[in-house]
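# Understanding the architecture of this molecule
This is what each chain is made of:
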Amino acid sequence: MKPLTALAFDFGTRSIGTAYGQTLTASARELPPLPAKEGQPDWNQVQRLIDEWQPKLLLVGLPLNMDGSESELSQRARKFGNRLHGRTGLPVEFADERLSTRAAKEEAFERGHRGNYARDPVDSIAARIILEDWLRAHGS
């Protein structure tokens, strides 16, 4: 089976984390986060990312509540994913991202992050974690 390549997005209203990975090694790497205004990225930047990495799938983290219910932010993430599909024609999947931000903050702290998440967001770490979890679940 041919390896599947994917770009993952950790949706946020000010920053959208990005990561790239593939199923052959079930590994992912962080990419620079995309700045956003009220959840809207520069769509030209998104297209450049897609052109550069040539993913076959787009994965959007879905920020569910701890009980599994959807929040306003998860509805906005779904809208973002639907726009991604509409603009690119690529398949979009949503992945439960509960606790990914906490894990990303813990990892960032271990790397020496000082805790100013507005200035130095951890969204791309979260996107990588979401993608690695998805790759493990869907690997070959």
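In this report, we go over the structure that sits alongside the text.

### Re the environment of Asp96
Summarising the element assignment, Asp96 is placed in strand β6 (residues 92-96). Leaving out residues up to four positions away in the same chain, Asp96 has contacts with Leu62 and Leu64.

### Side note on helix α4 (residues 123-138)
An ideal rise of 1.5 Å per residue puts 22 Å on 16 residues; α4 measures up with 22 Å between its terminal C-alpha atoms. Buried residues dominate α4, accounting for twelve of its 16 residues.

### Here's the deal with the nonpolar core
In a soluble, globular protein the nonpolar side chains are often hidden away together inside. Judged by nonpolar contacts, the single largest core of 21 residues is most densely connected at Leu7, Phe9, Ile16, Leu49, Leu58, Phe80 and Leu84. Of all the elements in the fold, those that place two or more residues in this core are β1 (5-10), β2 (15-22), β3 (27-37), α1 (43-53), β5 (57-62) and α2 (72-88). Not counting residues up to four positions away in its chain, the partners in contact with Phe9 are Ile16, Gly17, Thr18, Leu34, Leu49, Leu58, Leu59, Val60, Gly61, Phe80, Leu84 and Ala127. If you look at the next biggest cluster of nonpolar residues, it comprises twelve residues, including Ala6, Leu57, Leu59 and Ala127.

### Comments concerning the sheet that holds β5
Spatially, six strands are ordered β4-β3-β2-β1-β5-β6 in an open sheet, and the strand pairing comes out mixed. The open sheet has two edge strands, β4 (40-41) and β6, and neither has a second partner. Note: β2 against β3, seven bridges, orientation antiparallel. Note on β3: the bridge partner recorded for Ile16 is Leu34. Running at roughly 165 degrees to β3, α1 makes contact with β1, β2, β3, β4 and β5 of the sheet. Set on the sheet, α4 makes contact with β1, β2, β3, β5 and β6; between it and β2 the angle comes to about 35 degrees.

### Some thoughts on unusual backbone geometry
Notably, Ala26 is not glycine yet its phi reads approximately 55 degrees, a positive angle. Within the secondary structure layout, Ala26 lies in the loop between β2 and β3. A positive phi is found at Gln54, a non-glycine position, where the angle reads about 50 degrees. Among the secondary structure elements, Gln54 is positioned in the loop between α1 and β5.

Basis of the calculations
- Residues numbered from 1 in each chain as written.
- Predicted model: local features only at pLDDT ≥ 70, side-chain atom pairs only at ≥ 80, totals over all residues.
- Heavy atoms only, no water.
- Helix = DSSP H or I, 4+ residues; strand = E, 2+ residues; numbered from the N terminus.
- Contact = heavy atoms within 4.5 Å.
- Expected span 1.5 Å × (residues − 1).
- Buried < 20%, exposed > 50% of the residue type's maximum accessible area, 1.4 Å probe, protein only.
- Core = buried A, V, L, I, M, F, W, Y, C linked by side-chain atoms within 4.5 Å.
- Pairing = 2+ DSSP bridges.
- Axes fitted to C-alpha atoms, helices over the stretch in contact; angles between N-to-C directions.

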